[in-house]
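An overview of the molecular structure
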Amino acid sequence: MGCLQSKSRLANKEKENDTNKSYSWDNKKKLNPKDFTIENLKDETAGRLPNTVNGEQFIIQNCVNCNIYVFDHVSTVTVDDCINCNIFLGPSKGSVFLRGCEGSNFMIVCQQFRARDCKKLNLFLCCSTQPSIESCTGIKFGCFSYFYEELEEQFKKAGISIFNNNWNNVHDFTPVAEEQNWTFIPQDVKVEEFLPLPTTNEFSHIKISMEPSDSVVPKTLGIRSKISNQSCLVVFFSDGQAQKRALSFIKKLVLTNNVLVRTKEVQLENNDAERIFGSSSYNSIICRGHVIALEYNGDDSITTCQDTAKAITTETGLTGLIYVSTCPDAASQQIENFFNFADMHMSV
């Protein structure tokens, strides 16, 4: 009998301990789905301020003639059946999926992008992987161009590199013979002609710029026709300041007759570096972290990039952490090798 009583007391004690246990999910603040949904609006301006979404899933649906701004990072976004709207979406760690939207303009940052059953959309996009459309018509793509103070940090929280932008590398699941379901927005358009700045008091303190020179994401030419037969590869090796130096380099080149074609941030292995640079000289550097690569195009792109790299080296005092192509033939092969590797590595 004594043995049974002991077992009973032990069982009761364990039950009491389980009752008193505290788990992290017990203390998690319960979220209201309405805080992460915008729906059924007409002729309104709505959205969310920085630090109000904080990486949660977001839904926008059934809105007409609205201006919608989500100034925060999110996990995934679905936008359904929105007509004649202007929509800004902050960095999405996962996917952005548009369905049944028509006559609308979007500014989007995401890891993955897909649109289905949409018509007449203008999309200014920063997408880490290949964007895709399905059963869509009249879709136009342009390069993301936007700035506000919190945006760069939101990119980091969403795990998105500002240099990995495949906005122009579109896959159409439902192509139509002799028709084109998508095309490019003209390169010289003013983005504010498509997406107006918010005018309500709620967003009045957010200082926004849509000028390419201010954009968090570098503006790239993409697969449009190049202006010259000469291109140049510029690579910034990791040293804790690579992004800062790459952005400084890009800003200096804006004032020249050279065009930034594409950018990429990726980790190289020794054999990859040797194949790209034709030398093992950089193997000791690439192990430090990701490299940032730029492709420039222009009649004097190699000379201009070399001179700019020297100027940045002089300003920063850092040497040997920028690679610039030395001749057109080598540059052409290096560019092909580097970006083919990067696309395969990232499954673009």
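The structure we're discussing is the one just above.
Since we're looking at a predicted model, the values are computed, not measured.

Some points on the overall build of the protein chain
Of regular secondary structure, the protein chain possesses eight helices and 16 strands. The buried share among the 348 residues of the protein chain stands at 47%. Of the contacts formed within the protein chain by residues at least 6 apart in sequence, a portion of 55% connects residues at least 24 apart. As displayed, the protein chain offers around 17700 Å² of accessible surface, 47% of which is attributable to carbon and sulfur atoms.

Looking at the layout of surface pockets
In this structure, the largest pocket encloses a volume near 650 Å³. Lining of the largest pocket is provided by 26 residues; of these, Pro 212, Ser 213, Pro 218, Ile 250 and Val 254 occupy positions nearest its centre. Secondary-structure elements contributing two or more residues to the lining of the largest pocket are helix H4 (242-253) and strand S14 (259-266). The dominant element in the lining of the largest pocket, judged by the number of residues it contributes, is H4, at five residues.

Quick word on the pattern of salt bridges
A full pass over the atoms with the stated rule returns eight salt bridges. Across the salt bridge formed by Lys 226 and Glu 295, the nearest N and O atoms sit 2.7 Å from each other. One end of the pair, Lys 226, is in the loop between strand S12 (182-184) and strand S13 (231-236); the other, Glu 295, is in strand S15 (residues 291-297), and 69 residues separate them in sequence. Overall, the relative accessible area of 0% leaves Glu 295 in the buried class. Between Asp 343 and Lys 264 there is a salt bridge whose closest N-O contact spans 3.3 Å. Remark: Lys 264 occurs in strand S14 and Asp 343 occurs in helix H8 (residues 328-345); sequence separation between them is 79 residues. Accessibility expressed as a relative area gives 3% for Lys 264, which makes it buried. By sharing partners, the salt bridges in this structure join Lys 226, Arg 262 and Glu 295 into a single network.

Section: the packing of aromatic side chains
Following the criterion strictly, the structure yields 23 aromatic pairs and no others. Geometrically, the ring pair formed by Trp 182 and Phe 184 is edge-to-face, given 5.4 Å between the ring centres and 75° between the ring planes. The structure contains a cluster of three or more aromatic residues connected by ring pairs, namely Tyr 69, Phe 71, Phe 88, Phe 144, Tyr 146, Tyr 148, Phe 155 and Phe 203.

What about helix H5 (residues 270-277)?
Here H5 has its buried residues at Asp 272, Ala 273, Ile 276 and Phe 277. Down the axis of H5, the buried side of the element spans an arc of 110°, and every buried residue falls inside it. For H5, the secondary structure elements touched by its buried residues are S13, helix H6 (283-286), strand S16 (322-324) and H8. Gly 278 sits one or two positions beyond H5 and adopts a positive phi of about 70°.

Let's talk about the nonpolar core
The biggest cluster of nonpolar side chains holds 45 residues, and the ones touching the most others in it are Tyr 146 and Phe 249. Looking at this core, the elements with two or more residues in it are strand S7 (102-116), strand S8 (119-127), helix H3 (151-157), S13, H4, S15, helix H7 (301-316) and S16. Element by element, the count of residues in this core is highest for H4, at five residues. Once you skip the residues sitting within four places of it in the chain, Phe 249 turns out to touch Val 234, Phe 236, Leu 294, Tyr 296, Cys 305, Thr 308, Ala 309 and Ile 312.

Overview of unusual backbone geometry
Residue Asn 54 is not a glycine yet carries a positive backbone phi of 55°. Assignment of secondary structure puts Asn 54 in the loop between strand S2 (45-48) and strand S3 (58-61). Its relative accessible area of 41% is what places Asn 54 among the partly exposed residues.

As for the pairing of strand S4 (residues 67-70)
Side-chain direction in a regular strand flips from residue to residue, so the side chains alternate between the two faces of the sheet. Judged from the four bridges that link them, S2 and S4 form a sheet pairing that is parallel. Looking at the pairing, Arg 48 lines up with Val 70 of S4. Sheet topology places S4 next to strand S6 (residues 86-99); four bridges connect them, and they run parallel. Bridging from a neighbouring strand, Tyr 69 pairs with Phe 88 of S6.

Re the sheet that holds S14
In space, the four strands of this open sheet follow the order S14-S15-S13-S16, with antiparallel pairing throughout. Strands with a single pairing partner mark the edges of an open sheet, and in this sheet they are S14 and S16. The mean inter-strand angle of the sheet, taken between neighbouring strand axes irrespective of direction, is 15°. Relative to S16, S13 runs antiparallel, the two being bridged by three bridges. By the bridge assignment, Phe 236 is partnered in S16 with Ile 322.

Structural notes on a negative patch on the surface
Together, Glu 192, Glu 193, Glu 211 and Asp 214 line one region of the surface with negative charge. Relative to the helices and strands, Glu 192 resides in the loop between S12 and S13. For Glu 192, a relative accessible area of 34% corresponds to the partly exposed category.

Each value, and the rule that gives it
- Residues numbered from 1 in each chain as written.
- Predicted model: local features only at pLDDT ≥ 70, side-chain atom pairs only at ≥ 80, totals over all residues.
- Heavy atoms only, no water.
- Helix = DSSP H or I, 4+ residues; strand = E, 2+ residues; numbered from the N terminus.
- Buried < 20%, exposed > 50% of the residue type's maximum accessible area, 1.4 Å probe, protein only.
- Contact = heavy atoms within 4.5 Å.
- Areas by Shrake-Rupley, 256 points an atom, 1.4 Å probe, with all protein chains shown as cover.
- 1 Å grid on protein atoms, 1.4 Å probe; cavity = no way out; pocket = protein on both sides within 12 Å on 5 of 7 lines; lining within 4 Å.
- Points joined across faces, edges and corners; volume = space filled by probe spheres on them.
- Salt bridge = Lys/Arg side-chain N within 4 Å of Asp/Glu carboxyl O.
- Phe/Tyr/Trp six-rings, centres within 6.5 Å; stacked < 30°, edge-to-face > 60°.
- Arc of directions from axis to C-beta.
- Core = buried A, V, L, I, M, F, W, Y, C linked by side-chain atoms within 4.5 Å.
- Pairing = 2+ DSSP bridges.
- Axes fitted to C-alpha atoms, helices over the stretch in contact; angles between N-to-C directions.
- Patch = residues over 30% accessible without salt bridge, like charges linked within 9 Å, V, L, I, M, F, W, Y side chains within 5 Å.
- Lys, Arg positive; Asp, Glu negative; His and termini not counted.
- Charge placed at Lys NZ, Arg CZ, Asp CG, Glu CD.

Function cannot be inferred from these measures alone, as they are strictly geometric.
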